[in-house]
Amino acid sequence: MNRLLLSALALGALMVSCGNNDNPRERHLFTDNWFFALGDSAQAYQAEYDDDDWRQLDLPHDWAIEGDFSESNPSGTGGGALPGGIGWYRKHVKITSSDLEGRVRIGFDGVYMNSTVYVNGEEVGHRPYGYVSFEYDITDYLQVGDNVIAVKVDNSDQPNSRWYSGCGIYRNVWLTKVSDVHVAQYGVFAYAKLVNDVKATIKVETKVENSSDSHAFIRMHQYILDKAGEKVAEVENEYNIGSESDIDISQELVVEKPHLWNLNDTYQYRVVTDIYGDDDMLDRYEIPLGIRTFYFDDTRGFILNDSTIKINGVCLHHDLGCLGAAVNRRAIERQLQILQEMGCNGIRCSHNPPAPELLELCDSMGFIVMDEAFDMWRKKKTQKDYARFFDEWHERDLTDFVKRDRNHPSIFMWSIGNEVLEQWTDANADTLDLASANLLLNMQRDPESLEEEGEEMSVNSLLCRHLCDIVRRSDPSRPITAGNNEPEAWNHLFRSGALDIIGYNYHNAWIDDVQNKFPHKPFIITESNSALMTRGFYMMPSDQELLWPVSWDKPFFNPSFSCSSYDNCHTPWGSTHEETMAIVKNNPFVSGQFIWTGFDYIGEPTPYGWPARSSYFGVVDLAGFPKDIYYMYKSEWTDEQVLHLFPHWNWQEGQEVDVWCYYNRADEVELYVNGESKGVRMKEDDQFHVMWRAPYEPGELKVVARQGGMIIGETVRNTAQDPYAIRLTADRGQIVADGRDLSFVTVEVVDSLGNVCPNADNEITFDIDGTGVIAGVDNGSPISLERFKDNKRKAFYGKCLVVIQSKREYGNIRLVAESEGLEEAELIIHCLPQEMCERRLK
């Protein structure tokens, strides 16, 4: 079967599954059976170009994650030390005459970066920003019969990012067919104007386009469906639209006794727009609607549905560890589940528009999202970043970003930028390397870089106001903030008066004075801590605070290339986790915080350089294994009992070991070594752990928690013996046979009694057969130079990870893990139809 027929069959099947007799709008996933080649080709855009020897693959795709780490890769360690370059994608499609009766549009959720789209050899459009979603009407470029869509992706100009960006069509692609009269892209916006127990007044703004060369008379029926599919409000009106023009329609609908969206009850309605010409339906367009009330208060913080809630958030970059930047819904869902189990309720999309899947999951799982547009404006942070495109593209990119995301109930604030250099009058990074730029960004500047009181509005302040105006044109319902690392009130962004919420990155010492500097302004810590940790590594004494590096302008080196997993190591601009926790907890006016970061991410391996290639900032490591600090947050942010004892109990005989415990719901905890008490500890005010210093002796380390004198829990750490076997644990034993679903398998090296060997670094090889493939391997080490796409991985402090992806076949996946000198392990994962798999989100 040739590729054209394959593509045509896939097109037809998907259109049937998404379209129906009542709705002429047909939208389907357009990701199967693309052809890819790395490297530039001057003729690859032409329809007749011979791509027989190109690699066939499904999107999303990130070619950089498939490469080798190298110190010479132009991205540098800040960008993950993985390759960039130019890549081409081509897709062959057979089009029928009926396909061209309306308009055909191709949409890209994200292409990194500098993408150019061609259809049948003609350029359709170019988009430089790698994180923004965009769409083209390709009707006039298509022909009946064979067609070729080609996409050039150019990520050769590096460095252009302060973290790992990925390369390629790394998010989903969609093909949409609509009639000549249709709702515009992102053309319906619904939000609550008035909400109480009796009713909710919903304002709905709609843009309808007429692409035909004749006048159109339409009837628009707009209604709201509840979760059961019942109509709870509706309105119908008639309109005239001129040829090749559009109209904006604004109307209100009233929902009686609204069911509110909340963090623990993510109830969503649907707003449906039906457009008719005579009696024929021309279009149906649906959006989600979460009805809720919220505001940020300068004394009480964040209020959702009349309840004060602390935003216990984290910052997230977009990579998915060993999967790279290539979007996968299950991988994102897993990250959010791990964070939610910690008690996290907020996500900051750092520092760019996220994948739509992230926001959809936040809507359904219950998160407070700070949606962010840019990491830089006109002044660049790396040599070839988005600043070179900002003047030409910022208005279109920012508008498209807000319009795409504004119907998500999980979004509660927009951020127009992170640590932009326009905060200061003179902060020019044009000649700086990445380390120097970070010094500029994260250390306090000379006050002379700020204009004096009384001067006219600066160009930088006007730019901030301009960006806020762009946001408000598309969404007047949400507040706007920015991540600022200049806390002085004469920061040009603050002086603009355009920001609704004052956001500080770090600067804990300045927080006490926020209400004096910014009266009547709500406040949030947009980025906190920058604490540094390597899972499984401990530096003693643990009560010694390590400032790494002392500053960016001083060379830093430690032969371990590791950071302590006690909460005792952080950057000079940051703090310990416990310091910020106390500030947020004790100050009601602080709306919350977004920890830097929830997960480790590829790139920015502060405080180290090569061979370090990923970050140390995460509460969870790159493989998804929680670090010890995870349990401090869980003890504070959840009602679930926590009794977490660390470190492991494998040391040198007689060595004094600092033993920490995070706990809650108990008056006191007592430590025992081989049955002998080492003392009772109780937390003091603003202290979130207790500590003992105990001489090591092999055997059992145990902590007992008591409430009112009664034992309510205990945790044990045993001395592990020599590595004996491999243990495999899948997060899900059943996955959907759709070619996309994943099972994350934790791989542990254990002794003969099943204790994890905390220092094991055995190389483990994986063999797989059946209805699955290995999507990636990882171990959480920031300095491992092993490939992410492989069938083997070394354990890192006793653990590694293998990610299994389904094929489009029902059946079983058999995974075998083996290592020299260890007893092998085997695991079976079942690939089933969607309806047979256990539902993960209720």
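Residues numbered from 1 in each chain as written. Predicted model: local features only at pLDDT ≥ 70, side-chain atom pairs only at ≥ 80, totals over all residues. Heavy atoms only, no water.

A. A look at the overall build of the chain. Tallying secondary structure elements over the chain gives 10 helices and 46 strands in all. In terms of C-alpha radius of gyration, the chain reaches 28 Å, essentially the compact-globule figure of 28 Å for 842 residues. Overall size of the chain, expressed as C-alpha extent along the three principal axes, is 90 × 70 × 55 Å. Residues classed as buried in the chain amount to 62% of the 842 residues present. Long-range pairs, those at least 24 residues apart, make up 71% of the contacts in the chain with a sequence separation of at least 6. For the chain, the computed accessible surface area is about 31700 Å², with 45% contributed by carbon and sulfur atoms. Computed over 78 positive and 133 negative side-chain charges, the separation of the two mean positions in the chain equals 2 Å. (Helix = DSSP H or I, 4+ residues; strand = E, 2+ residues; numbered from the N terminus. Rg over C-alpha atoms; globule rule 2.2 N^0.38 Å. Buried < 20%, exposed > 50% of the residue type's maximum accessible area, 1.4 Å probe, protein only. Contact = heavy atoms within 4.5 Å. Areas by Shrake-Rupley, 256 points an atom, 1.4 Å probe, with all protein chains shown as cover. Lys, Arg positive; Asp, Glu negative; His and termini not counted. Charge placed at Lys NZ, Arg CZ, Asp CG, Glu CD.)

B. Molecular detail of the packing of aromatic side chains. Applying the stated criterion to the full structure yields 49 aromatic pairs. Considering the side-chain rings of Tyr 386 and Phe 390, the 6.2 Å spacing of their centres and the 90° angle between planes classify their relative orientation as edge-to-face. A ring pair is formed by Tyr 566 and Phe 646, whose centres lie 6.1 Å apart and whose planes are at 35°; its orientation type is tilted. Taken together, the residues span a long stretch of sequence, with Tyr 566 in the loop between strand 28 (546-547) and strand 29 (569-570) and Phe 646 in strand 31 (residues 643-646) at a distance of 80 residues. The exposure class assigned to Tyr 566 is buried, which follows from its relative accessible area of 0%. If you follow Arg 334 out to its NZ or CZ, it ends over the ring of Phe 744, 4.2 Å from the centre. Its end group placed over the ring of Tyr 663, Lys 683 keeps NZ or CZ at 4.5 Å from the ring centre. (Phe/Tyr/Trp six-rings, centres within 6.5 Å; stacked < 30°, edge-to-face > 60°. Lys NZ or Arg CZ within 6 Å of the ring centre and 35° of its normal.)

C. Fine view of helix 4 (residues 387-405). Helix length check: helix 4, at 19 residues, gives a terminal C-alpha distance of 23 Å against a target of 27 Å (1.5 Å per residue), a shortfall beyond 12%. The sharpest bend along helix 4 comes to roughly 80°, located at Trp 393. (Expected span 1.5 Å × (residues − 1). Bend = angle between axes of the 7 residues up to and from the residue.)

D. Summary view of the pattern of salt bridges. Summed over all chains, the structure comprises 53 salt bridges. Between Lys 152 and Asp 40 there is a salt bridge; the shortest N-O distance is 3.7 Å. Residue Lys 152 is located in strand 9 (residues 145-155), and its partner Asp 40 is located in the loop between strand 2 (34-38) and strand 3 (55-57); the two are separated by 112 residues in the primary sequence. (Salt bridge = Lys/Arg side-chain N within 4 Å of Asp/Glu carboxyl O.)

E. Structural view of the confidence of the model for the chain. Overall, the predicted model of the chain reaches an average pLDDT of 93, with 93% of residues at or above 70. Every residue in residues 1-21 scores below 50 in pLDDT, and together they form 33 contacts with partners more than four places removed in sequence or on other chains. (pLDDT = per-residue confidence, 0-100.)

F. Region of the structure containing the nonpolar core. Counting 181 residues, the largest nonpolar core has Tyr 89, Ile 138, Ile 347, Trp 377 and Ile 416 as the members making the most contacts within it. Sequence-distant contacts of Ile 416, defined by excluding residues within four places in its chain, comprise Phe 374, Trp 377, Cys 464, Leu 467, Cys 468, Val 471, Ile 480, Thr 481, Ala 482 and Leu 499. One finds Ala 200, Ile 218, Ile 275 and Leu 289 within the second-largest nonpolar core, a separate group that totals 30 residues. (Core = buried A, V, L, I, M, F, W, Y, C linked by side-chain atoms within 4.5 Å.)

G. The arrangement of the packing of helix 4 against helix 6 (residues 459-474) in detail. Relative to each other, helix 4 and helix 6 sit at 35°, their axes nearing to 8 Å. In the crossing of helix 4 with helix 6, the sense of the turn from one axis to the other is right-handed. Facing Phe 390, His 394, Glu 395, Leu 398, Thr 399, Val 402 and Lys 403 of helix 4, the residues of helix 6 in contact are Leu 463, His 466, Leu 467, Ile 470, Val 471, Arg 473 and Ser 474. (Axes fitted to C-alpha atoms, helices over the stretch in contact; angles between N-to-C directions. Left-handed = near helix turned anticlockwise from the far one by under 90°.)

H. Geometry of the sheet that holds strand 26 (residues 502-505). Taken in spatial order, the 8 strands of this open sheet run 25-24-23-22-21-30-27-26, and their pairing is parallel. Edge positions in the sheet fall to strand 25 (480-483) and strand 26, since each of these pairs with one other strand and no more. Pairs of neighbouring strands in the sheet enclose a mean axial angle of 25°, with direction left out of account. Direction of pairing for strand 26 relative to strand 27 (residues 523-529): parallel, over a ladder of 4 bridges. When the sheet's bridge partners are listed, Asn 505 is paired in strand 27 with Glu 527. Helix 6 rests against strand 24 (411-418) and strand 25 of the sheet, and its axis sits at about 150° to strand 24. (Pairing = 2+ DSSP bridges.)

I. Main features of the sheet that holds strand 12 (residues 199-210). Pairing in this open sheet of 3 strands is antiparallel, and the strands run 11-12-15 from one edge to the other. Single-partner strands in this sheet number two, and they are strand 11 (181-195) and strand 15 (245-256). Across this sheet, the average inter-strand angle for adjacent strands is 15°, counted without regard to direction. By the bridge criterion, 12 bridges tie strand 12 to strand 15 in an arrangement that is antiparallel. Considered in strand 15, the bridge of Thr 206 is made with Ile 249.

J. Inspection of the side chain of Ser 115 at higher detail. Here Ser 115 shows up in strand 6 (residues 115-119). On the accessibility criterion, Ser 115 (0% relative accessible area) is buried.

K. Just helix 3 (residues 356-365), in detail. Judged by how many residues are buried, helix 3 sits mostly within the fold: 8 of 10 residues are covered. Buried positions along helix 3 lie against helix 2 (329-342), strand 22 (346-349), strand 23 (368-372), helix 4 and strand 24. Downstream of helix 3 by one or two residues, Gly 366 has phi in the positive range, about 95°.

L. Structural context of the packing of helix 9 (residues 577-586) against helix 10 (residues 629-637). Contact pair helix 9 / helix 10: the axes reach a minimum separation of 11 Å and the direction vectors enclose 15°. In terms of orientation, helix 9 and helix 10 fall into the roughly parallel class. Helix 10 is crossed by helix 9, and the crossing has right-handed handedness. Seen from helix 9, the contacting residues are His 577, Glu 578, Met 581 and Lys 585; seen from helix 10, they are Ile 629, Met 632, Tyr 633, Glu 636 and Trp 637. A per-class count over the contact of helix 9 with helix 10 returns 5 nonpolar, 1 polar and 3 charged. (Parallel < 35°, antiparallel > 145°, perpendicular 65-115°, else oblique. Nonpolar A, V, L, I, M, F, W, Y, C, P; charged D, E, K, R; others polar.)

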